Amino acid sequence: MAEHSGRWWFAVAFSALLLLAAGPSRGEEARLAISGYDPVAYFADGKPVPGQSEFEHRWHNARWRFASAAHRDSFAGNPDRYAPQYDGYCAGGMTGAPFAGPHKDTVDPEVWTIVDGKLYLAHFGGPLWDEWRAKAAENIKQADASWKFVKDQADPVSVGPPCRGRPPAVIITTSDGKRELMIGSQVALDNDGNIVGKGDMRAQIEQIGKNVDACLKAAGTSKSNIIWTETYVANKEMFLKYADVWANYLGPKQPASAALEKPQLANPDFLVEIRAVALLN
């Protein structure tokens, strides 16, 4: 009887292990791919279009949303035709960067390109993405090779409030096991979304510095761990007058960092826009 009972408990335990190995539990939500944007729209409409929750399809352990039932059905019938490469993770992340090796990263659905009939999305726009697209054939070859091992890396983790920005700040894991905080574009907005320091470069740098600091603290790091920044300014000469204020919040300028003049930022009242990357461990 004891032997029979032991076999019964072994069978139960073994069955439970099989269920765990089979995949996520019903209560575990599959990730929402490309922030809920419609992958078919990039081809059909030539632009990013948000998907709707009522038009959803599961593929590759992710939830994909669409603007219409027709788009959902087109995707379901041929996902390899419409799905962004690398399961919707950042194409730029697959080729690494001056501050990180190949890694998984979230994307900004507004930053995209189609090459040879395939869709590629990225986390950051700007010069980094322009450089990636300029050598697309070479980068795609490298990215395809990297995806073979990057696909098994840990997923990026979004950092919520009080950190704000577009795209949202995320924590990524690099190929050598390092964890880094990617801070999306920060502008001079306060906690209520109001613009601070209209026409005042110094005030805007200070507000952005506070916003960056909030992101660093939310992720458990500090300005001493910042390894890269990219700064866009409406007037570079005016910006350089307040370099000391910038350094006070963001630390010494890193060799790979850049400050670029861009007369028209996201809003005419914005004078500065800053992105940053910091080490966590």
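Residues numbered from 1 in each chain as written. Predicted model: local features only at pLDDT ≥ 70, side-chain atom pairs only at ≥ 80, totals over all residues. Heavy atoms only, no water.

1. Details of the state of the cysteines
Move 1: Under the defined criterion, the tally for this structure stands at 1 disulfide.
Move 2: There is a disulfide in this structure between Cys163 and Cys215, and the S-S distance comes to 2.0 Å. The S-S bond linking Cys163 to Cys215 shows a torsion near 85°; that makes this disulfide right-handed. With Cys163 in the loop between strand S6 (157-158) and strand S7 (170-173) and Cys215 in helix H8 (residues 201-218), this pair connects stretches of sequence that are 52 residues apart. Both residues of the pair, Cys163 and Cys215, count as buried. (Disulfide = S-S within 2.5 Å. Helix = DSSP H or I, 4+ residues; strand = E, 2+ residues; numbered from the N terminus. Buried < 20%, exposed > 50% of the residue type's maximum accessible area, 1.4 Å probe, protein only.)

2. Thoughts on the sheet that holds strand S2 (residues 52-59)
Move 1: Ordered by their spatial adjacency, 3 strands build an open sheet running S1-S3-S2, and the pairing between neighbours is mixed. If you trace the sheet from one side to the other, it starts and ends with strand S1 (31-32) and S2, each paired once.
Move 2: As judged from the 2 bridges shared by S1 and strand S3 (residues 62-66), these two strands associate in the parallel manner. Looking at S3, one finds that Leu32 is bridged to Arg63.
Move 3: Against the sheet, helix H3 (residues 69-77) makes contact with S2 and S3, and its axis sits at roughly 0° relative to S2, the strand it touches most. (Pairing = 2+ DSSP bridges. Contact = heavy atoms within 4.5 Å. Axes fitted to C-alpha atoms, helices over the stretch in contact; angles between N-to-C directions.)

3. What about the sheet that holds strand S11 (residues 272-279)?
Move 1: Sheet architecture is open: 6 strands sit in the order S6-S7-S8-S11-S9-S10, paired in mixed fashion. The open sheet terminates on both sides in strands that have one partner only, identified here as S6 and strand S10 (258-261).
Move 2: In this structure, strand S9 (residues 226-233) lies alongside S11, joined through 7 bridges in antiparallel fashion. Bridge assignment links Ile226 to a residue of S11, and that residue is Ala278.

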